[in-house]
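Here is how the chains run, residue by residue.
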Amino acid sequence: MNFSEVFKVSNQLCKFSPCGKYLASCVQYRLVIRDVNTLQILQLYTCLDQIQYLEWSSDSMFLLCAMYKRGLVQVWSLEQPDWHCKIDEGSAGLVSSCWSPDGRHILNTTEFHLRITLWSLSAKSVSYIKYPKACQQGIAFTNDGRHMALAERRDCKDYISIFVCNDWRLLRHFETETQDLTGIAWAPNGCVLAAWDTCLEYKVLLYSLDGRLLSSFCAYEWSLGIKSVVWSPSSQFLAVGSFDEKVRILNHVTWKPIKEFEHISAITNSKTVVYKEAERCPGVRTDDLPFSTLKGNPSSLFSNQSKYEIAQLPFTLRTIKPDSDRANPDLGIGLLAFSSDNRYMASKNDNMPYSVWIWDIQKMRLFAVLEQTSIVRSFHWDPVQPRLAICTGNNKIYLWTPTGSVSVQVPVEGAFHVLSMAWHPLGQDSLLLISKDNLCLCYLETEDK
């Protein structure tokens, strides 16, 4: 592995362009555009205030910078650096902003979710969508960019509206059978829309493009329900993570569960490989070190090195006791993700926060478990091959493939705690690592190279 030099970043705002050629990062009120291959600065833009959100247009030609505190959105063009656009929502305020799939419309949600303002960069027009629901995943676009689904709340009831994105015509509008709609997500093929209820009501609803209810699923009642929902890349499976520490896999034919994956603390199956991170400190005597070196940066001298060891079975995973008095306790399946080839699925059980579970979807069984020394913050699959990157908030990154796992320390001066990361969108063996105030690129060397 090779690592680039370190660059400044604010609010962990750093993103690859969809085409994979550019890297955008924010340093307070400045927007920096770099060439991915050379990391040379191509453009430098200055916004009116500190940037709080950053998003590329789908064609990588424009960049959206949102400043929620001031209700402002500024748009910058890579082809025409002198051109820029400013959108001021005024007294209505601004809580979220995003691009439409065509990269020429911007959807701004005002404070208190009173409305969504649709701004057209090409036609220089503005239109409004009323009654958007304040929920975590209230807007969903199909992968082909043709349709948008919007969760709405009218007269104390939940609705879903489906729009055609090329002319923003309302295609369907229907009421949902939910108490408090929490999120919606299109299948990757754009044929089925999944909607799920609040965690107090276990209910998953599947709708067709014309608004017909295809099926509904409820695993149990009178207990905390759904915590995470994700589609497989092939649209054949819908994975539903619940507070009962299980993942249920629904199939696309009957929309019934074909498998339940339990997250139990004792691993006993001999077909499951358990990778346990083991730390060791380098054997250095403090008497042999000069006083000036200790005073300068003692933390770098005694940084722990780690590696994975194959644990002997049976193996018991570390667990924590969730606080039942909290509104959202550390319990249940908080993270779910399928690999790009649909072969594997990774999950995290929040009351086992040190472990990453990897499931073989073809054989419908537990394939591997990785137990870390620190709490897992996030994990992401390579967009091209079955390769999983994991970060735990320390100065290391962890990679898993079906052939094994590796722990790598980020070799930079000072403290670089990896808080988030992102794969290159085209899978060009590079990984973006982001700490609190810095970023760097990690280059992975493959055998064919």
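Residues numbered from 1 in each chain as written. Predicted model: local features only at pLDDT ≥ 70, side-chain atom pairs only at ≥ 80, totals over all residues. Heavy atoms only, no water.

An unreviewed UniProt entry annotates the protein as WD repeat-containing protein WRAP73 of Hymenochirus boettgeri.

Visitor: I tried to follow the pairing of strand 6 (residues 41–46) on my own but got confused; where do I start?
Guide: Each regular strand displays side chains that alternate between the two surfaces of the sheet. The pairing of strand 5 (residues 30–35) with strand 6 spans five bridges and is classified as antiparallel. Looking at strand 6, one finds that L31 is bridged to Y45. In textbook terms, the turn of a hairpin is the stretch between consecutive antiparallel strands, and for strand 5 and strand 6 this stretch comprises five residues, one of which, L39, has a positive phi near 60°. (Pairing = 2+ DSSP bridges. Helix = DSSP H or I, 4+ residues; strand = E, 2+ residues; numbered from the N terminus.)

Visitor: Would you mind showing me how to read the sheet that holds strand 37 (residues 396–401) here?
Guide: With respect to topology, four strands assemble into an open sheet ordered 35-36-37-38, the strand pairing being antiparallel. Edge positions in the sheet fall to strand 35 (378–381) and strand 38 (404–409), since each has one partner strand and no second. The sheet shows a mean angle of 20° between the axes of neighbouring strands, taken without regard to direction. (Axes fitted to C-alpha atoms, helices over the stretch in contact; angles between N-to-C directions.)

Visitor: Help me understand the pattern of salt bridges in this model?
Guide: Scanning the model with the defined rule gives 15 salt bridges in all. Between D144 and R146 there is a salt bridge whose closest N-O contact spans 3.9 Å. Overall, the relative accessible area of 57% leaves R146 in the exposed class. Residues R153 and D158 are paired through a salt bridge, measuring 2.7 Å at the closest nitrogen-oxygen approach. What you see here is one network of salt bridges that share partners, running through K133, R153, D158 and D180. (Salt bridge = Lys/Arg side-chain N within 4 Å of Asp/Glu carboxyl O. Buried < 20%, exposed > 50% of the residue type's maximum accessible area, 1.4 Å probe, protein only.)

Visitor: Any chance you could explain the sheet that holds strand 15 (residues 139–141) here in plain terms?
Guide: Sheet strands line up and pair through hydrogen bonds in the backbone, either parallel or antiparallel. In space, the four strands of this open sheet follow the order 15-16-17-18, with antiparallel pairing throughout. At either end of the open sheet lies a strand with only one pairing partner, and these are strand 15 and strand 18 (169–175). When strand polarity is set aside, the average angle formed by the axes of neighbouring strands in this sheet is 20°. Two strands pair when backbone bridges link them, and strand 17 (residues 157–164) and strand 18 are joined in this way by six bridges, in the antiparallel orientation. Residue I160 lies in a different strand from strand 18, and its bridge partner there is F174.

Visitor: So what exactly am I meant to see when it comes to the environment of W99 here?
Guide: Note on placement: W99 falls in strand 11 (residues 96–99). Residue class for W99 comes out buried when judged on its relative accessible area of 3%. In this structure, the C-alpha to C-alpha distance between W99 and L118, residues 19 residues apart in sequence, is 9.7 Å. From its side chain, W99 meets the backbone oxygen of E55 in a polar contact 3.1 Å long. (Polar contact = N/O pair within 3.5 Å; in protein donor to acceptor, adjacent residues only side chain to side chain.)

Visitor: Honestly, the packing of aromatic side chains in this entry has me stumped. Any pointers?
Guide: By convention here, two paired aromatic rings are described through the distance between centres and the angle between planes. Taken as a whole, this structure holds 17 aromatic pairs when the rule is applied. Among the aromatic residues, those joined into a cluster by ring pairs are Y344, F367, W381 and W400. The cationic tip of R34 hangs over the ring face of F7; the distance from NZ or CZ to the ring centre is 3.9 Å. Stacked on the ring of Y354, the Lys or Arg R318 has its end atom at 3.6 Å from the ring centre. (Phe/Tyr/Trp six-rings, centres within 6.5 Å; stacked < 30°, edge-to-face > 60°. Lys NZ or Arg CZ within 6 Å of the ring centre and 35° of its normal.)

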